[in-house]
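Coordinate inspection notes
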Amino acid sequence: MAMVALTSLDTPRLCSAQAAPKDPPTPPSRYQERPWEYLESEEYRATYGDNPVWLGYRRNHKGAIPPQRTRKACLRKGKPVGNPCPICRDRNLHVDFRNVKLLDQFICPHSGVVFHPTHTGVCMKQHKLLAKAIAQAQDHGLLWLQVPYVPAPRDDFSNRHQAVGKTPPAPALAPGRHWYPWTNGGLPPAAAIARVRRLYKDYLKEEAAPPATGTPDAPPAPCVEHGGE
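These numbers come from a predicted model, not from an experiment. (Residues numbered from 1 in each chain as written. Predicted model: local features only at pLDDT ≥ 70, side-chain atom pairs only at ≥ 80, totals over all residues. Heavy atoms only, no water.)

**What about the nonpolar core?**
Applicable threshold: For our purposes a nonpolar core is just a set of buried Ala, Val, Leu, Ile, Met, Phe, Trp, Tyr and Cys residues, chained together by side-chain atoms within 4.5 Å. We call a residue buried when its accessible area falls under 20% of the maximum for its residue type, exposed when it is over 50%, and partly exposed in between, using a 1.4 Å probe and counting protein chains only. Helix and strand labels come from DSSP, where a helix needs a run of H or I of at least four residues and a strand needs a run of E of at least two; each type is numbered from the N terminus. Residue contacts are counted whenever heavy atoms from the two residues lie within 4.5 Å of one another.
Counting 25 residues, the largest nonpolar core has Tyr38, Val53, Ile87, Leu93, Leu103 and Phe106 as its most contacted members. Among the elements of the structure, α2 (42–48), α3 (100–104) and α5 (124–139) are those that each provide at least two residues to this core. Among the elements that make up this core, the one with the highest residue count is α5 (4 residues). Once you skip the residues sitting within four places of it in the chain, tyrosine 38 turns out to touch Tyr31, Glu43, Tyr44, Tyr48, Asp90, Asn92 and Leu93.

In structure tokens form, the structure reads like this:
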């Protein structure tokens, strides 16, 4: 019995019970602080050439019909999936508003609209970061911004269409008539004029007395010009 107990204690553990060896942590990218330098390096040209990073990417899927949506993220339970998106698969690619060359690859050159994630294959997490970085770069003036030209239709500013009628002629004063018919061409009563003068006496100017009849007007003073020596 003792021998059986010792042999049972000395038996090694099964392979399934042993702890799986952990993978060594991935070293950080040397372009993390200045991600735009990676797109100008020889390493990037050897990997992608002159093509965008998402060109030729194909996501693994079951069946003949590809999924209509991209992944929410390329991490599953803290571990990367087998076929990550074009940005998550390269540790040297970092989405930053200063990385203009990378952001420009995800903008349509004709319409200026950000490509849909089903077109580029990036996960939804990276797509949200791209849209935010593109908007921030455009606000800082680092990325081009296309404003569509909308010609103003001339019919909206014309007065010769059906919605506008003829302009009536300007009023004219007929001979022998007054602008205000209620005055009947005469002055208001003296009591009303005196009342108005009394109310606005502080704001009225004093009227100059008319010259007395029979008094000749004084001749104007002669203007003497002084010539220079």
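**Observations concerning the pattern of salt bridges**
Heads up, the rule is: Counted as salt bridges are all cases of a side-chain nitrogen of Lys or Arg within 4 Å of a carboxyl oxygen of Asp or Glu.
Here the structure, examined in full by the defined rule, presents 5 salt bridges. One salt bridge connects glutamate 43 with arginine 30, and the closest N-O pair in it is separated by 3.7 Å. Of this pair, glutamate 43 sits in helix α2 while arginine 30 is found in the loop between α1 (2–10) and α2, placing the two residues 13 residues apart along the sequence. The exposure class of glutamate 43 is partly exposed, given its relative accessible area of 37%.

**Details of the layout of surface pockets**
Stated formally: Only protein atoms enter the 1 Å grid used here, on which a cavity is any set of points holding a 1.4 Å probe that cannot leave and a pocket is any open set flanked by protein within 12 Å on both sides along at least five of seven lines; residues with an atom within 4 Å of a point are listed as lining. Grid points are joined across faces, edges and corners, and a volume is the space filled by probe spheres set on the points. Only Asp, Glu, Lys and Arg are considered charged, only Ala, Val, Leu, Ile, Met, Phe, Trp, Tyr, Cys and Pro nonpolar, and every remaining residue, Gly among them, polar.
There is about 590 Å³ of room inside the largest pocket. Looking at the lining of the largest pocket residue by residue, the classes come out as 13 nonpolar, 4 polar and 4 charged. Within this model, the second largest pocket holds a volume of roughly 330 Å³. Every residue lining the second largest pocket is counted, 20 residues in all, and those nearest its centre are Tyr57, Arg59, Thr70, Thr118 and Gly121. The residue inventory of the lining of the second largest pocket, partitioned by class, reads 8 nonpolar, 8 polar and 4 charged.

**Details of the confidence of the model for the protein**
Keep this limit in mind: Values of pLDDT, ranging from 0 to 100, describe the predictor's confidence in every residue of the model.
Summing up the model confidence of the protein, the mean pLDDT is 80 and the portion of residues at 70 or higher is 78%. Per-residue pLDDT stays below 50 along residues 1–9; that stretch engages in 0 contacts with residues further than four places along the chain or on separate chains.

**Re α5**
The line we're drawing: For a helix, the expected span equals 1.5 Å multiplied by the number of residues minus one. In this context, the arc is that of the directions from the helix axis out to the C-beta atoms.
Here α5 contains 16 residues, and its C-alpha end-to-end distance of 23 Å stays within 8% of the 22 Å for a straight helix at 1.5 Å per residue. Listing the buried residues of α5 in full gives Gln126, His127, Leu130, Ala133, Ile134 and Ala137. The buried side chains of α5 occupy one side of the element, clustering within an arc of 130° when seen end-on. For α5, the exposed residues set more than 90 degrees away from the buried face come down to Lys128, Lys132 and Asp139. Buried positions along α5 lie against α3 and α4 (117–120).

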